[in-house]
2 protein chains.
Amino acid sequence: MPKPDTFQTPDDDTRALVRSLIESASEVVLATLRPDTATPYLSRVAMAVDPDGVPMTMVSNLAHHTAALEANSACSLMVEAPASKGDAMNHPRLTLHCHARIIDNDDPQRETLRDLFLAQRPKSKLYIDFPDFRFVRFEIENGLLNGGFGKAYLLAPSDIRH
Amino acid sequence: MPKPDTFQTPDDDTRALVRSLIESASEVVLATLRPDTATPYLSRVAMAVDPDGVPMTMVSNLAHHTAALEANSACSLMVEAPASKGDAMNHPRLTLHCHARIIDNDDPQRETLRDLFLAQRPKSKLYIDFPDFRFVRFEIENGLLNGGFGKAYLLAPSDIRH
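One numbering rule holds for all chains: residues counted from 1, following each sequence as written. Throughout, the order in which chains and ligands are written sets their labels, letters from A for the former and numbers from 1 for the latter. The predicted origin of the model limits local features to residues at a pLDDT of at least 70 and limits the giving and counting of side-chain atom pairs to 80 or more, whereas totals for whole chains, interfaces and linings rest on all residues.

Another aspect to go through is the pairing of strand β5 (residues 93-103) of chain B. For strand β4 (residues 74-80) of chain B and β5 of chain B, the ladder comprises seven bridges, and the chain directions are antiparallel. In the sheet register, Met78 of chain B faces β5 of chain B, and the bridge partner there is Thr95 of chain B. For two strands to be treated as a pair, DSSP must find at least two bridges joining them. Helix and strand assignments follow DSSP, with helices taken as H or I runs no shorter than four residues and strands as E runs no shorter than two, numbered in order from the N terminus.

This is the structure:
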């Protein structure tokens, strides 16, 4: 992990930017660890905001990232503003270091997650009840916000949740 | 690594899409391994096409991904079409599994890489000669192309290079 002294201290503006990034993103890049090599595996997944204000997603049993998360829950998410004109290098971006918690379909919290996901991502009605899909919540270890050149922040879970 | 039998066989159209993605991207998501935890670390980096037709980038000695690559060269790149309207989940995306080769500034190939990078990314003239920046080339193990629902291809290095 980068040394804390290379980062600025998050303030209310930082936390507002974090909230705005999380609430405006409809998909994120997910980095998991390949079970065979323990090297990074990248995919893009649909996301919605969970009851704690952090990203949640759905994964198919057929997807490689699902097997990866079942073997090792350590993962990272990159949350960026939705596609817009101009150089993506100049847009703020948030990386979350997490452990993924795959929610069994008989878990009592599934109904709450399903309602939230469907309300935020209406197109998910096409697959949300497929039996091979499960919700995934992320337990956040910490986050890094890159707010532009020279503006890097190390975030605690409390800077990220709402 | 996902099983080959879950993928379609790449053909000339597949390779043309790969070339188009690589040649139109100006930046990519880089996934490295955190030296302290061996878990994924995500960043976005500027890219240009190297003499073999694969992405190359520049890294600063101050950046966390540089320390990560120096500790373990295994990494992945996600190459997507530039920001555009519509749902990014429907856009083709290419993941490359690689080993990063950091090019020393006294390496004879630096001049070639510098010329190519500068020609493709003119704004890099602001930092391209900073002494703490070095070029990085990627030795590709394989690639995955997600061309939309049900269209996944496992690519050999020869499907990716030009």
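And the narrative resumes.
The subject of this paragraph is the interface of chain A and chain B. Any pair of residues counts as being in contact when their C-beta atoms, constructed from backbone geometry, are within 7 Å of one another. Listed by partner, the interface residues are 29 residues for chain A and 28 residues for chain B. At the level of secondary structure, the elements contributing two or more residues to the side of chain A that touches chain B comprise β1 (27-33), β2 (40-49), β4 (74-80) and β5 (93-103) of chain A. The leading source of residues in the side of chain A that touches chain B is β2 of chain A, at five residues. In terms of residue class, the side of chain A that touches chain B is made up of 16 nonpolar, seven polar and six charged. Each residue is assigned to one of three groups, with Ala, Val, Leu, Ile, Met, Phe, Trp, Tyr, Cys and Pro labelled nonpolar, Asp, Glu, Lys and Arg labelled charged, and all others, Gly among them, labelled polar.

This part takes up helix α2 (residues 64-71) of chain A. Our exposure labels follow a C-beta count within 10 Å of each residue's own C-beta, placed from the backbone: buried means 20 or more other C-beta atoms, exposed means 12 or fewer, and partly exposed covers the counts in between. By the burial criterion, the buried members of α2 of chain A are His64, His65, Thr66, Ala68 and Leu69 of chain A. Residues of α2 of chain A that are buried in the fold lie against β1, β2, β3 (55-60), β4 and β5 of chain A.

Between the two copies of the chain lies a rotation about an axis combined with a shift along it. The atoms used to superpose the copies are C-alpha atoms, taken from residues with pLDDT of at least 70 in both, and the fit is least squares. Note on the copies: chain A fits chain B at an RMSD of 0.0 Å, the axial shift is 0.0 Å, and the rotation between them is 180°. Expressed as a symmetry operation, the mapping of one chain copy onto the other fits a two-fold axis. When the interface residues of chain A are mapped onto chain B, 97% of them again lie at the interface, so the same face is used by both copies.

What follows is about the confidence of the model for chain A. Values of pLDDT, ranging from 0 to 100, describe the predictor's confidence in every residue of the model. Confidence in the prediction of chain A, expressed as mean pLDDT, is 93, and 94% of residues score 70 or more. The ipTM for the predicted assembly is 0.93, set against a pTM of 0.94.

Attention now goes to the environment of Ala100 of chain A. Residues and elements named next belong to chain A. Relative to the assigned elements, Ala100 resides in strand β5. Spatially, the C-alpha atom of Ala100 lies 6.5 Å from that of Ala74, the residues being 26 residues apart in sequence. Excluding residues within four positions of it along the chain, Ala100 makes contact with Leu69, Ser73, Cys75, Val136 and Phe138.

Throughout this description, the term nonpolar core refers to a group of buried Ala, Val, Leu, Ile, Met, Phe, Trp, Tyr and Cys residues whose C-beta atoms join them within 7 Å. Counting residues in each nonpolar core, the largest one holds 80 residues, and the members touching the most others are Val29, Leu77 and Val79 of chain A together with Val29, Leu77 and Val79 of chain B. Not counting residues within four places of it along the chain, the set of residues in contact with Leu77 of chain B comprises Val28, Val29, Leu30, Pro55, Leu96, Cys98 and Phe138 of chain B.

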